[in-house]
Amino acid sequence: MSGFFAILKRELLSLWVTPLAWVLLTIFLFLEGSIFNTILLHFSAMPSIDPDSSPMSAFLGQNSLLLAITLLLICPALSMRTFAEEKRQKTLDILLASPVSAAALVLGKYVALLLTYCAFWLPTLLYAWVLRDTDIDWAALATGYLGIFLLGSSSLALGVLMSALAPSQIVALMLASSLEFGLFVLGLGEYIFDSGFGQELGAYVSMTNLLDEMSRGIVDTRRIVLHTSLTAWALFVCVAWIEGQRSDA
Amino acid sequence: MRGPVWTRLLSVTESPIRLLAVSVLLAGIVLGELNWLGAVRYKRFDLSAHGDYSLSDATLALLRGQKSEVELIVTLSPADPLFEPLKHLIDSYRATSPLVRLTRIDPEREPLALKAAAGNSAALDLALIARRDSERVFVTRDKLVRVEQSQVRVSMEQAISNAIADVLADLKVRVCFPTGHGEPSIDDVGKGGLSPLADHLTHLGYAPERVPLDVPRPAARLHDCSIIVVAAPERPYPREHERALESALERGAAFLVLLPPIVSPSGTLAPAGLDHLLGRFGLKLERGFLVEEDPSHRLPEGMGELFFANPELHRITDGLSRGDERHDARPLVVTSGAITIIDRSRAAPLLKTSDKARLLSGFGDFDSAQATQSYVVAAAAELIEPTHPKARLALFAYGTLLDSVSDLSLVANRILLENSLDWLIDRTPKVILPPRATRTREPYFTEESLSAVGRYVLFFIPGGAAALGALVIFLRRSGARKAQETRS
């Protein structure tokens, strides 16, 4: 894992001193603010009969397709440049020739993205602060953010893999978006099939299910296994690809 | 001992690219297996403050003792606010017992499937069906969550566990409907028939049965009836039939008596012929019919014979509104007589009129009307001299309860009907769970604070991020410029 911290620092700097991360962050916070504001307006006009529903839990996943769609866009946009940018600037060969292990290279880039993703979500904690006088279930809030983290970690890992495989940033963005949209649609199978394998599979991979459960304070080991294994597999393949590139070089 | 397969596998490892491809494939297989195992054997942890998705000990004991498979069919639309919490709670059941299966029927997308699963009760506000082979138990929405003013009372686990316990139980309670006095029949599927009611009772764990009393030795026909329903007769009971009911009473039968005023062929009001039976419970049915004059209780049409009654505190009225809490949940009464409770009786009023009701001795006979006062239109009673501890009677001086299953607007009467049957046989839930905390259901913000929050989350937070970004990039560029100047 030699060179992990060097790569991490380099990636964080390259993300946060260029306008890309800040522009994405501003758009992201505006979108999330719009969703939150709409939810608040809805709750003020018509309190929900759903016993667990509160503005924060609705924001973090309950019946909020908007959130899943935002994640489908934001994660590929963050991860698209990871390796594709190196290829465009022809710096990948230099990296491959450096004494940095493939695992450190992939993990360094991935962790930098994950930290950036967490930093994106950090300001949304202010929404909970806005609602501090209402009856907030803080444990459910924590699990809600855990759900966001799990979904983000697997989406970013797939995005990093697509960035490694794709020849350019835009192709990486499209591939990662298509893959995640495919998973999202597969999850909708839960509502299309009434029972049986299709319904079980849909329920298993469903992003909305993950967010909805977590926002209610439910932690299901199936979701943790799925997203952790998806992350591990994507990163493993990415490391294998780097090793392949290195051996070719 | 190297076979050709091993040779081929080893030759693969000689090429790094192939080795990587094989390892990626193997990793995929291992993780796929891991996911399959994780999907089959999983755990759910409920960390929420209210613990709504944690199963109580009573439910866990029920599930551990479960021997046969129970299918839980959710019949709510996915857009229903109760759909997701119900689904997640059922997932907790499935995580505990592999013998609980989940199926869904979207009532909007699959009305025929719902009709096939629920029969005539499909028109009800069904939320869940528990099915074991041909046995089915229905759970309506009001059993899952009750909203009383700003309070939400959650009883989902109680409702699901009871449905599972009921569908697993083999014994059904025999409910007899005596006929021969112009009562609507439980076999009649036409308008006004009681077939939907009979279907609904079947799915609540009862066995409804039509019992003609105009036969020799009618008392023998009522043998083994746990509950006898006198379903709004149009003709008075002869004394012999009343004796048959009394002999069933001696054996411990309970009675649900619905007695709207009976009009004789001459147009006058006739006695119901059940005075002896009612007298043993300390109740007396006045000959007359009620007219409600309070505009907040009566409906605008008619002369006041259609009105909403006020529920009194009793197990039978549990779940209905009281006083001015919620007007829409008060039971609608159509053409009712009045009940008098004798002083020494062990009876309690269930429903009352306002204190501006009159008792008329004939239809439109306002001259004979007594002064306005509050009248009892439904009462629950036990025997004055208990000869059998189980004998109970619920008397309603109107018959609207019979239509409550086929008419969704009569939900309060349906609750009364179901609660009455439960109380008559003292049916306590098979699974008793500790009560859940109620939630307050109130608006969060005023209009002013909403616009302030809107400004905050839409402009200040994203604007702050943009300003910070601009500052960082400006500092970075000015730093780079200075460094370049220093170098030059």
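Use the structure listed above.
As a starting point, this report considers the structure included with it. Note that residues are indexed from 1 along each chain, following the sequence as it is written. For this description, chains carry letters from A and ligands carry numbers from 1, given in the order in which they are written. Totals for whole chains, interfaces and linings use every residue, but because this is a predicted model, local features are given only for residues with pLDDT of at least 70 and side-chain atom pairs only at 80 or more, for both listing and counting.

1. Concerning the nonpolar core
1) Next: If you look at the biggest cluster of nonpolar residues, it comprises 190 residues, and the most contacted ones within it are Leu86(B), Leu128(B), Ile228(B), Val377(B) and Leu395(B).
2) Next: By definition, any uninterrupted DSSP run of H or I lasting at least four residues is a helix, any uninterrupted run of E lasting at least two residues is a strand, and each is numbered from the N terminus. Here the element with the most residues in this core is helix α9 (residues 138-165) of chain A; it accounts for twelve residues.
3) Next: In this description, a residue-residue contact is defined by the distance between C-beta atoms placed from the backbone, which must lie within 7 Å. Other than its neighbours up to four places away in sequence, Val377(B) contacts Leu290(B), Ala309(B), Val333(B), Ser336(B), Ala338(B), Ile339(B), Leu351(B), Lys352(B), Thr353(B), Ala397(B) and Tyr398(B). Buried Ala, Val, Leu, Ile, Met, Phe, Trp, Tyr and Cys residues form a nonpolar core when they are connected through C-beta atoms within 7 Å. Burial is judged by counting other C-beta atoms within 10 Å of a residue's own C-beta: 20 or more means buried, 12 or fewer means exposed, and anything between counts as partly exposed, with every C-beta placed from the backbone.

2. A look at the sheet that holds strand β5 (residues 135-140) of chain B
Residue and element names in this part refer to chain B.
1) Next: We call two strands paired when DSSP finds no fewer than two bridges between them. Overall, mixed pairing links the four strands, which are arranged β3-β2-β4-β5 in an open sheet. Two strands in the sheet have a free side with no partner beyond their single neighbour: β3 (100-104) and β5. Neighbour-to-neighbour, the strand axes of the sheet open up by a mean angle of 20 degrees, direction not taken into account.
2) Next: Examined bridge by bridge, strand β2 (residues 70-74) and β3 share five bridges and lie parallel to one another. Bridged to Ile 73 within β3 is Thr 103.
3) Next: Relative to the sheet, helix α7 (residues 156-168) contacts β2, β4 (126-132) and β5, its axis offset from that of β4 by approximately 30 degrees. Lines are fitted to the C-alpha atoms to define the axes, a helix being fitted only along its stretch in contact, and any angle between axes, read from their N-to-C directions, falls within 0 to 180 degrees.

3. Let's talk about the packing of α9(A) against helix α10 (residues 169-192) of chain A
Residue and element names in this part refer to chain A.
1) Next: With their axes 8 Å apart at the nearest point, α9 and α10 run at an angle of 140 degrees to one another. Relative to α10, α9 is oriented oblique. In this structure, α9 crosses over α10, and the sense of that crossing is right-handed. Contacts from Ser 155, Leu 158, Gly 159, Met 162 and Ser 163 of α9 reach α10 at Ala 172, Leu 175, Ala 176, Leu 179 and Glu 180.
2) Next: Polarity classes work like this: nonpolar for Ala, Val, Leu, Ile, Met, Phe, Trp, Tyr, Cys and Pro, charged for Asp, Glu, Lys and Arg, and polar for all others, with Gly in that last group. Taken together, the residues of the contact of α9 with α10 sort by class into six nonpolar, three polar and one charged. Our angle categories are set so that under 35 degrees counts as roughly parallel, over 145 as roughly antiparallel, 65 to 115 as roughly perpendicular, and the remainder as oblique. Crossing chirality is assigned from the near helix's rotation relative to the far helix, an anticlockwise turn below a right angle marking it left-handed and a clockwise turn marking it right-handed.

4. Quick look at the interface of chain B and chain A
1) Next: Chain B puts 55 residues into the contact, and the matching count from chain A is 58 residues.
2) Next: Of all elements in the fold, only α2 (16-40), β1 (44-46), α4 (83-96), β3, β6 (145-148), β7 (151-154) and α13 (447-487) of chain B reach the threshold of two or more residues within the side of chain B that touches chain A.
3) Next: Here the side of chain B that touches chain A takes 14 residues from α13(B), the largest share from any one element.
4) Next: Here the residues of the side of chain B that touches chain A sort into 36 nonpolar, nine polar and ten charged.

Scope: geometric values only; no functional claims are made or implied.
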